[in-house]
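# Descriptive structure summary
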Amino acid sequence: MTAQRNLPLAEIDSAGGLPGEKMPTLEPQPRAIEYLCEPMPVNMGDWWFDIATENHFWIRRRFEVMRRLADSAIRKAARCAEIGCGNGLLQKALEDYYGISVAGFELNEVALRKNVGRNSSLYCYNIHQCNPEFRNYFDMLFLFDVLEHIEDESAFLQSINFHLADSGTLIVNVPAHRFLFSDYDRAQRHVRRYSAASLTRVVEQNGYKVRRLTYWGLPLVPLLLLRKMVSLRLDNGKAGFDPGSHTVNKLLSLVARCEPIPQKMLGTSVMAVLEKAS
């Protein structure tokens, strides 16, 4: 399976213009999306893709935590994919930091067309299809902030298992703690939040074992408790995620780092590195 590259730009004949003639500005063309199924509605608001950027403090902290837990495994991976890649923030970060291509699977066409990755392939694909070409194909899969949107989490994890090589790794991130559930979660269409124990239980019931696990976001817990006290529109939870300014975003980025990783105390999210159970 090869990555879909950006469509080539038209060639410019640099010798063909008159002296001083202004040459046309060429805009990069969007990457091709391979449609293995028709786009489908997903249990998530499209508004999130407008405020979730690669510089957002939470996006950056999530990537830092992942590196702490799984850096060596990621460096060894040869065939990677992200389930529910959204607008490609994780794909781009992995491309930039590790120099790897990460296939993106997504059903939301809005997200696919906003994907910011550079050279990773994009698929409109329902993992429950279990395409034979993907059977046991990937040695590294990423499932970041998707499982909490899924009604039947067991069926979803089992379909993911179909795509993972026998010696492969699945990295999962989910929001933590039921007591932090708020209007923001409802606007995000979260079905649940997880504890370390509940995440461990559901993955072990569906063919995985936990290699490493941590809570993260401990310094941000007071902010989520405050967010729980605020009433948000259920069709737009922007106020629950948007830091509002560059200064606040930078400050929260510094605050978010004030915790040890891994840690089992408390956090706003849970991240786990999983492998197939033998």
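Our structure is the block above this text.
No experiment lies behind these values; they were computed from the predicted model shown.

Scoring rules and cut-offs
Residues take numbers from 1 onward in each chain, read along the sequence in its written order. Local features in this predicted model are restricted to residues whose pLDDT is 70 or higher, and side-chain atom pairs enter the listing and the counts only when it is 80 or higher, whereas totals over whole chains, interfaces and linings include all residues. Hydrogens and water are ignored here; the side-chain numbers use all heavy atoms of the structure. Every definition here rests on a 1 Å grid over the protein atoms only: cavities are sets of points where a 1.4 Å probe fits but cannot get out, pockets are open sets enclosed by protein on both sides within 12 Å along at least five of seven lines, and lining residues have some atom within 4 Å of a point. Grid points are joined across faces, edges and corners, and a volume is the space filled by probe spheres set on the points. Numbering goes from the N terminus for both helices and strands, where a helix is a DSSP run of H or I of at least four residues and a strand is a run of E of at least two. Gly is placed with the polar residues, together with every amino acid not listed as nonpolar (Ala, Val, Leu, Ile, Met, Phe, Trp, Tyr, Cys and Pro) or charged (Asp, Glu, Lys and Arg). Pairs of strands are assigned from DSSP output, requiring at least two bridges between the strands. Axis angles are defined between N-to-C directions and span 0 to 180 degrees, where every axis is a line fitted to C-alpha atoms and, for a helix, only to the segment in contact. Contacts are residue-level and defined by heavy atoms, with any inter-residue pair within 4.5 Å sufficient.

The calculated volume of the second largest pocket comes to roughly 290 Å³. Together, 14 residues line the second largest pocket, and Glu54, Ile59, Arg60, Phe63 and Ala93 are the ones closest to its centre. Secondary-structure elements contributing two or more residues to the lining of the second largest pocket are α2 (57–76) and α3 (89–98). Among the elements that take part in the lining of the second largest pocket, α2 stands out by supplying 6 residues, more than any other. Residue composition of the lining of the second largest pocket, grouped by class: 6 nonpolar, 1 polar and 7 charged.

Let us now look at the sheet that holds strand β8 (residues 269–276). One open sheet holds the 8 strands; their spatial order is β1-β4-β3-β2-β5-β6-β8-β7, and the pairing between them is mixed. Whereas interior strands pair on both sides, the edge strands pair on one side only; in this sheet they are β1 (33–35) and β7 (208–216). Across the sheet, the mean angle from the axis of one strand to that of its neighbour is 20°, orientation sign disregarded. As paired elements, strand β3 (residues 102–106) and strand β4 (residues 122–124) share 3 bridges and run parallel to each other. When the bridges of β4 are listed, phenylalanine 105 appears paired with tyrosine 123. Together, β2 (80–83), β3, β4 and β5 (138–144) form the strand contacts of α3, whose direction differs from that of β3 by roughly 180°.

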